[in-house]
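# Report on the structure
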Amino acid sequence: RKIMEVTSGEYGGNLSLYGTNGKPYVQMQSITDGGAVLVHNDKGQLMAVLETAPDQLAGVLAVFNKDANIVGGLGATFRGGALSINDNRGQTVAALGSEVGGTLALFNQREEAVATMGVKGDEGGYLALFNKKGKSFFHQPKK
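Chains are numbered independently. Their residues run from 1 in the order of the written sequence. The predicted nature of this model means local features are confined to residues of pLDDT at least 70 and side-chain atom pairs, given and counted, to a pLDDT of 80 or more, with totals for whole chains, interfaces and linings taken over all residues. Neither water nor hydrogens contribute to the side-chain values; these are computed over all heavy atoms in the structure.

## Some details on the nonpolar core
- We define a nonpolar core as any set of buried Ala, Val, Leu, Ile, Met, Phe, Trp, Tyr and Cys residues linked to one another through side-chain atoms lying within 4.5 Å. Classification of residues uses two cut-offs on accessible area relative to the type maximum, computed with a 1.4 Å probe and protein chains only: under 20% is buried, over 50% is exposed, and between them is partly exposed. One finds Ala36, Leu38, Val49, Ala62 and Phe64 forming the largest nonpolar core, which totals five residues.
- Put simply, DSSP marks the helices as runs of H or I at least four residues long and the strands as runs of E at least two long, and each gets a number from the N terminus on. Elements supplying a minimum of two residues to this core: β4 (34-40) and β6 (58-64).

## Looking at the confidence of the model for the protein chain
- Averaged over every residue, the pLDDT of the protein chain is 90; residues scoring 70 or more account for 97%.
- In the model of the protein chain, strand β13 (residues 136-140) stands out as the element of lowest mean pLDDT, 90, in contrast to strand β9 (residues 92-98), which has the highest, 94. For every residue, the predictor states its confidence as a pLDDT score lying anywhere from 0 to 100.

## Thoughts on the pattern of salt bridges
- Put simply, a salt bridge is a Lys or Arg side-chain nitrogen that is within 4 Å of an Asp or Glu carboxyl oxygen. Within this structure, the stated rule accounts for four salt bridges.
- The salt bridge partner of Glu5 is Lys2, with a shortest N-O separation of 3.7 Å.
- What makes Lys2 partly exposed here is its relative accessible area of 44%.
- Asp87 is the salt-bridge partner of Arg89, the closest N and O atoms lying 2.9 Å from each other.
- Residue classification places Arg89 among the partly exposed positions, given a relative accessible area of 46%.

## Quick look at unusual backbone geometry
- At the junction of Gln140 and Pro141, the peptide bond is cis and its omega measures out at -5 degrees in the coordinates.
- A positive phi angle, close to 70 degrees, is found at Ala68, a residue other than glycine.
- Within the secondary structure layout, Ala68 lies in the loop between β6 and β7 (70-77).
- When its relative accessible area of 53% is taken as the criterion, Ala68 is described as exposed.
- Although it is not a glycine, Glu111 sits at a positive phi angle of roughly 60 degrees.

## Details of the pairing of strand β12 (residues 125-130)
- Only when DSSP finds a minimum of two bridges between them are two strands counted as paired. Direction of pairing for strand β11 (residues 113-119) relative to β12: antiparallel, over a ladder of five bridges. Bridged to Thr116 within β12 is Ala128.
- With antiparallel pairing between neighbouring strands as the criterion, β11 and β12 make up a hairpin whose turn holds five residues, including Gly121 at a positive phi of roughly 55 degrees.
- As defined by bridge partners, β12 adjoins β13 across four bridges and the pair is classed as antiparallel.

Now the structure itself:
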C-alpha cells in the first residue's frame, strides 16, 4: 500500500502522506514564491491549509468545516496579524486585526460591518455601531 508519494509540479516538489485507508492526509506543495501544507480528514476532505501569501510576504492559515467552508483564518499582513471567524456557511462574522492599534469588527449576514471598535494610535479607543443601511448611529468618541 502507498504511504508516501513524491512528485514534481509546476513550481517544484510535492509530497503526499497517505493514511491506512489510501487517502492523502497531508500534502506539502511548492506554490508560487513559497509552499503550502494541506491537511485532510480520513474521508479526504480538506480541513486546514497553511501557506505562504507572496503578495503579503506572509503566512496564512485557513481552517475548514465538514462542508468545505472556511470557518477561521489567521494571517499576517504588512500591518501585523489578522484573525477571521466565519459561520458554518463560510461567511465572515468577526474579524480582529492590527491596524494602527487593535481593531475588532462584527458583521451581519450580508457581511457588512455592524459594530467596530479599536484603537487609533495615541488617541485612545473608539466604538461605532451601524444600522442595516451602513449608516453610523453611534460613534464614541464623536467624529
